[in-house]
Structure formats: C-alpha cells, structure tokens
Amino acid sequence: MDGGAGSGMFGRPQVLVIGGGASGVLMAAHLLRRADVQIEVTLLERTGQPGRGIAYDTDDPDHLLNTRVAQMSAFPDAPADFERWLQTGGRRVSGADFVDRGTYGRYLESLLAPWRRGPDARRLTSVQAECLRLSETAEGVSATLDDGRVLRADCAILATGHAVPAAPPRPLRGAWDFTPPDDPMATVAIIGTGLSMVDHVATLLRGGHRGPIYCLSRRGLLPQEHAATPSSPCFPPQIPLGAPVSQTLHWLRGLVRLAEAQGGSWRDAVDAIRPRVAQIWQSWPQAERARFLRHAASWWEVHRHRMPPASAERIFRATASGQLRILRGSFVAAQEQPDRRIVLAIAPRRGDSPDRLVADHVIDCRGIRRDPARHAAPVIRDLLARGAARLDPLGLGLDTTPAARVIDTQGAVSARVFAIGPAARGALWEITAVPDIREQTSALAQTCCAQPETTLAAGE
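Residues numbered from 1 in each chain as written. Predicted model: local features only at pLDDT ≥ 70, side-chain atom pairs only at ≥ 80, totals over all residues. Heavy atoms only, no water.

**Q** Tell me about the state of the cysteines, and name the residues and values.
**A** One pass over the full model with this rule turns up 0 disulfides. Cysteine Cys-131 is unpaired, with the sulfur of Cys-155 as its nearest cysteine sulfur at 13 Å. Classification of Cys-131 by relative accessible area gives buried; the value is 1%. Free of any disulfide, Cys-365 has its nearest neighbouring cysteine sulfur in Cys-215, separated by 8.5 Å. (Disulfide = S-S within 2.5 Å. Buried < 20%, exposed > 50% of the residue type's maximum accessible area, 1.4 Å probe, protein only.)

Put into structure tokens, the structure is as follows:
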C-alpha cells in the first residue's frame, strides 16, 4: 500500500487501522462487512496474530471472559454471532455461559477470514510492523513503519489499545508474566486486586501452588461476582444527566432499590445503565469527571466488571482456606534481599495491614490506568510530541470528539485521524469492553461508509 491516497483497487476509499487487537479487528470487520461502500482496509499489527492483543493472548482455560457469551458478539445487529461461531466449532454452550479468553481471540481472528480469500481478498491487507509516525497530508495520511516502509491511505484509525507499561524492573513481574515460582510453597504477593489478579490466582492454583498468596490494593476491593443466571436489567427512570456525582450516585442507589423491589438485584440496575454510561460521562463537566475518578470509579468498576461464578468460587475457596489473603494498603517499594526474598514496603490503610511484607514472587497487577503518554504505542507518543494530538484533560488517553476524531494541541479537530477503544477513553470513559467497542466501531464504520468522500477527506 505504498502510494498516493485514493489509489485503492477500483478507486475505493482506503482506511489504515493501526493496531490489531480487539479494537482494530472489530473496526476492520465493521468496515469490510459493509456492502454499500467497498472500502479497502489495511490492518497494521505487530504480532502476526490479529485479535489477540493483551486481553486474549492466553491459552489458560481458567482465564475466562468476564462477560457472558450472549453479550460478546462482534456485531450489534447479530447478537448471537459469537454463540453461533462457538456451536459451529463444536462447543456446546449457551448465551449464559462464560468461555475462556483465548477462544474469544480466535473468534476475533475469524472475523477477517472472509476477506482473506475469494473475490474480496484484495479489500484487506495485513501488515506486520510497528507504526512509528503518522502524518496528515493534503491527500490523506502517511504512516512510517519500523521497517522503513511508508503506507498511505485516505484516513487512519488508531486502535492501539491500552497504554501498557514496559515490564517492571526487578524484582517485580509484569501482569502478563505468568511464569510460576520455582517453589510451589513460595510466598506470592500480587499488587492489585482486580481481574488480572483473578487470572494469576487461577494460574497459580491450576499449577498446584500451595504457598500463601497475598493480594494488595488501596481499598482491598475485589470484583463482584456475576449471578448464576443472567440479570434482567430494569428500565431506568429518567437519568439525571449533568447532575453532580453525589446526586447521580444517590439516583443509582434508588435504582438498585427499585430493582430489588421488583425481585432483582443491584446487578440489574448496573446493567440497565451500562449502555448510558458514556452519555452520563459526557454530561459532566471536567470537575465532576475528576471527582468521579477520585471517589467512585473503583467502586463502579468492581460492580461493572464482575467475575464469572467459576472464578469467584476459586477465589472464595482460597480465601476461606487461608491460602489467599487480601490486604488493604498502598504499595510503596520492593527491594530484593541477598537471599533473593523480596521485601515490600506498604503504606497501611487505617492500620489494618502490615507496613512490610516478605515474599518470594511479586506480580504487579495495578491495572490499566497508567501514564497514557509514557506507556503509549510509539505512534501515539510521536503524535503527542509533535502536537498533532493531545491527552484529554484528565489524562486518560487521547483527546477526541465523541465521534472519535483526534484533537491536536491547538484544539483543531482532525479530518483524517480517528482514535477508538481504550486508546481514547477521555471522551466516553466506558470504552474498554467489547460490548462498548463494538458499538463505537459500528457507528464509525457507518459514518465512514455513509459519506466516504467527505468523511474520509474533509471531516464531518
């Protein structure tokens, strides 16, 4: 795809999707399946395994999706697509089940299969490389790769996923390092008590680990458990858009009481407003968004991103046996001793945790809200350094319009560069899970295909 913009087969519009994880594959699939406009897509990804990313690059059967099969279709207009794919492959599952994340990665990869062969094969080009620089030109966009190639297209969509820190310095291990300790009786410490911690505990226990496991976080909050059967979201009364965070949470507690009065639970209330979270977020001024992040985001996330029942049962059994212990406190530092044991310094919370912990194996699972500039993909770091993009005011990710157009340091909205998914959380907040990303990518594909001459060349 080295050449001028608009040089696609038969003059078709060309879109460059940078990033081959879930966001990138969903974006490519939504663009390609539109029959009304024959857009050509170049998918740029580093690993040679589109669809995996950090979330689905696992073969551990205990690493489960935290969302039921029925909610994980790639397409809003085909809600049973994932379930049908599983059944076609011989899996006996229902929409209420939870399957492993590795399987979901294979499903995402399968979405591109129709455009890898047959008459439409020329509409999809996969390039295995890293994008280092992305520039807008009068004719389109130009992407410089780490192998020296230059790709040109009418527009580019940044789908680089979470800003993932590099492997932490010794003696810490990264969240995606599942190497077990040498000794099954070793003391393991996990910094963080979210879903990544749940995966590590699952791997340790499956591998026969018998030593103590300590899990540390500021509040000591665990993800809540999914109900054994799917929830039945209650119809929410009018949402108080723009109301302060305190008033919004008061309204949400009232919705919980309503759900319980109707024979349901808090899960029904949370699931009812989940599709409206972006709308609530956008209705808040920056001060209220910041207040939410300080005081309520952790509580929302443990109720919104829940453990499958099988994962919860494993955690509860390990806790009841005393093998697993949850500590409340802030991690300060880790120092390896001459005997190779690791001393963790902890700032206790209300005196209910020790101020130091000695372990043999320490895993850093502090989540995805890291520095989106320092830990971002090279192309995003370059855009930020040149002022061609900026972070949102709260530093969650790239600043974009609600329609995903990138905003530069002068406040100008790009006509040709978009950012989707976790790379651009600031505009929508709740845009890290597949059900939300598929809605965003579906809407963006519809916009691109509705008026390709203007959408891909002159802005909205």
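**Q** Go over the sheet that holds strand E16 (residues 413-419), please, and point to the residues and values.
**A** Across the sheet, 6 strands lie side by side as E3-E2-E1-E7-E16-E15; this open sheet has mixed pairing. Pairing within the sheet leaves two strands with one partner each, and these edge strands are strand E3 (124-128) and strand E15 (405-407). This sheet shows a mean twist of 35° between the axes of neighbouring strands, independent of strand direction. Note that strand E1 (residues 14-18) and strand E2 (residues 40-45) share 5 bridges and pair parallel. Looking at E2, one finds that Leu-16 is bridged to Thr-42. Across the sheet, helix H1 (residues 22-32) is in contact with E1, E2, E3 and strand E7 (155-158); its angle to E2 comes to roughly 170°. (Pairing = 2+ DSSP bridges. Helix = DSSP H or I, 4+ residues; strand = E, 2+ residues; numbered from the N terminus. Axes fitted to C-alpha atoms, helices over the stretch in contact; angles between N-to-C directions. Contact = heavy atoms within 4.5 Å.)

**Q** Account for the layout of surface pockets, naming residues and giving values.
**A** Approximately 780 Å³ is the volume found for the second largest pocket. Lining the second largest pocket are 34 residues, and of these Arg-274, Pro-275, Arg-304, Pro-435 and Asp-436 sit closest to its centre. The leading source of residues in the lining of the second largest pocket is helix H12 (residues 434-450), at 8 residues. Among the residues making up the lining of the second largest pocket, the classes are represented as 15 nonpolar, 8 polar and 11 charged. (1 Å grid on protein atoms, 1.4 Å probe; cavity = no way out; pocket = protein on both sides within 12 Å on 5 of 7 lines; lining within 4 Å. Points joined across faces, edges and corners; volume = space filled by probe spheres on them. Nonpolar A, V, L, I, M, F, W, Y, C, P; charged D, E, K, R; others polar.)

**Q** I'd like a description of the packing of aromatic side chains, backed by residues and values.
**A** A ring pair, where both rings are aromatic, is described by two values, the distance of the centres and the angle of the planes. Within this structure, the stated rule accounts for 11 aromatic pairs. Residues Phe-292 and Trp-429 carry aromatic rings whose centres are separated by 5.7 Å and whose planes lie at 85° to one another, so their mutual orientation is edge-to-face. Of the two residues, Phe-292 sits in helix H8 (residues 286-295) while Trp-429 sits in the loop between E16 and H12, which places them 137 residues apart along the sequence. Accessibility assignment for this pair places Phe-292 and Trp-429 in one class, buried. Site record: aromatic cluster; members linked through ring pairs are Tyr-56, Phe-82, Trp-85, Tyr-104 and Tyr-107. Above the face of the Phe-75 ring, Arg-33 is positioned so that its terminal group lies 3.9 Å from the ring centre. Sitting over the face of the ring of Trp-429, Arg-425 holds its NZ or CZ atom 4.5 Å from the ring centroid. (Phe/Tyr/Trp six-rings, centres within 6.5 Å; stacked < 30°, edge-to-face > 60°. Lys NZ or Arg CZ within 6 Å of the ring centre and 35° of its normal.)

**Q** Give me the environment of Arg-12: which residues, what numbers.
**A** Inspection of the secondary structure puts Arg-12 in the segment before E1. Between the C-alpha atoms of Arg-12 and Pro-236, which are 224 residues apart in sequence, the distance is 44 Å. With near-sequence residues (within four places) excluded, Arg-12 lies in contact with Gln-38, Glu-40, Arg-123 and Asp-154.

**Q** Let's hear about the packing of helix H4 (residues 195-206) against helix H10 (residues 309-321): which residues, and what values?
**A** Any two packed helices are characterised by the angle at which their axes cross and by the distance between the axes. Remark: H4 packs on H10, axes separated minimally by 10 Å, with the N-to-C direction vectors making an angle of 70°. The angle between the axes of H4 and H10 places the two elements in the roughly perpendicular class. Facing H4, whose interface residues are Met-197, Val-198, Val-201, Ala-202 and Leu-205, H10 presents Ser-311, Arg-314, Ile-315 and Ala-318. (Parallel < 35°, antiparallel > 145°, perpendicular 65-115°, else oblique.)

**Q** Just give me the short version of the side chain of Thr-103, but keep the residues and values in it.
**A** Along the chain, Thr-103 turns up in helix H3 (residues 101-110). Accessibility expressed as a relative area gives 3% for Thr-103, which makes it buried. Engagement of the side chain of Thr-103 in a polar contact is seen with the side chain of Arg-91, the distance being 3.2 Å. Reaching out from Thr-103, the side chain makes a polar contact with the side chain of Arg-106 at a distance of 3.0 Å. If sequence neighbours within four positions are ignored, Thr-103 has contacts with Trp-85, Leu-86 and Arg-91. (Polar contact = N/O pair within 3.5 Å; in protein donor to acceptor, adjacent residues only side chain to side chain.)

**Q** Any details on the nonpolar core? Residues and values, ideally.
**A** Counting 47 residues, the largest nonpolar core has Leu-31, Phe-82, Tyr-104 and Leu-111 as the members making the most contacts within it. Residue assignment for this core shows that the elements contributing at least two residues are E1, H1, E2, helix H2 (81-88), H3, E7 and H12. In terms of residues, this core owes the most to one element, H1, which gives 8 residues. Leu-16, Leu-145, Ala-156 and Leu-158 belong to the second largest nonpolar core, which has 27 residues in total. (Core = buried A, V, L, I, M, F, W, Y, C linked by side-chain atoms within 4.5 Å.)

**Q** Account for the confidence of the model for the chain, with residues named and values stated.
**A** Atom-level detail of predicted coordinates should not be read off regions where pLDDT is low. Looking at the chain, the pLDDT average stands at 90 and 93% of residues meet or exceed 70. Strand E9 (residues 188-191) holds the highest mean pLDDT among the elements of the chain, 98, whereas helix H13 (residues 452-455) holds the lowest, 50. A low-confidence stretch, residues 1-7 (pLDDT under 50), is modelled with 21 contacts involving residues beyond four sequence positions or located in other chains. (pLDDT = per-residue confidence, 0-100.)

**Q** Before we move on, could you go through empty space enclosed by the protein and cite the residues and values that matter?
**A** Evaluation of the coordinates by the stated rule reveals 1 cavity of 30 Å³ or more. Counted as a void, the largest cavity has a volume near 160 Å³. Lining the largest cavity, in full, are Thr-248, Leu-249, Leu-252, Ile-273, Val-277, Ile-280, Trp-281, Trp-284, Phe-292, Trp-300 and Trp-429. For the lining of the largest cavity, a count of residues per class yields 10 nonpolar, 1 polar and no charged.

**Q** Before we move on, could you go through the sheet that holds strand E6 (residues 150-153) and cite the residues and values that matter?
**A** Strand order in this open sheet of 3 strands is E4-E5-E6, and the pairing throughout is antiparallel. Edge positions in the sheet fall to strand E4 (131-136) and E6, since each has one partner strand and no second. Pairs of neighbouring strands in the sheet enclose a mean axial angle of 20°, with direction left out of account. Pairing analysis gives 5 bridges linking E4 to strand E5 (residues 141-145), with the strands arranged antiparallel. Within E5, the position partnered with Arg-133 by the bridge is Thr-144.

**Q** How would you sum up the environment of Ala-334? Please name residues and give values.
**A** Examined against the element boundaries, Ala-334 turns out to sit in strand E11 (residues 324-336). Spatially, the C-alpha atoms of Ala-334 and Thr-103 are 36 Å apart, while their sequence positions differ by 231 residues. Setting aside chain neighbours within four positions, we find Ala-334 in contact with Pro-171, Leu-172, Ile-342, Val-343 and Leu-344.

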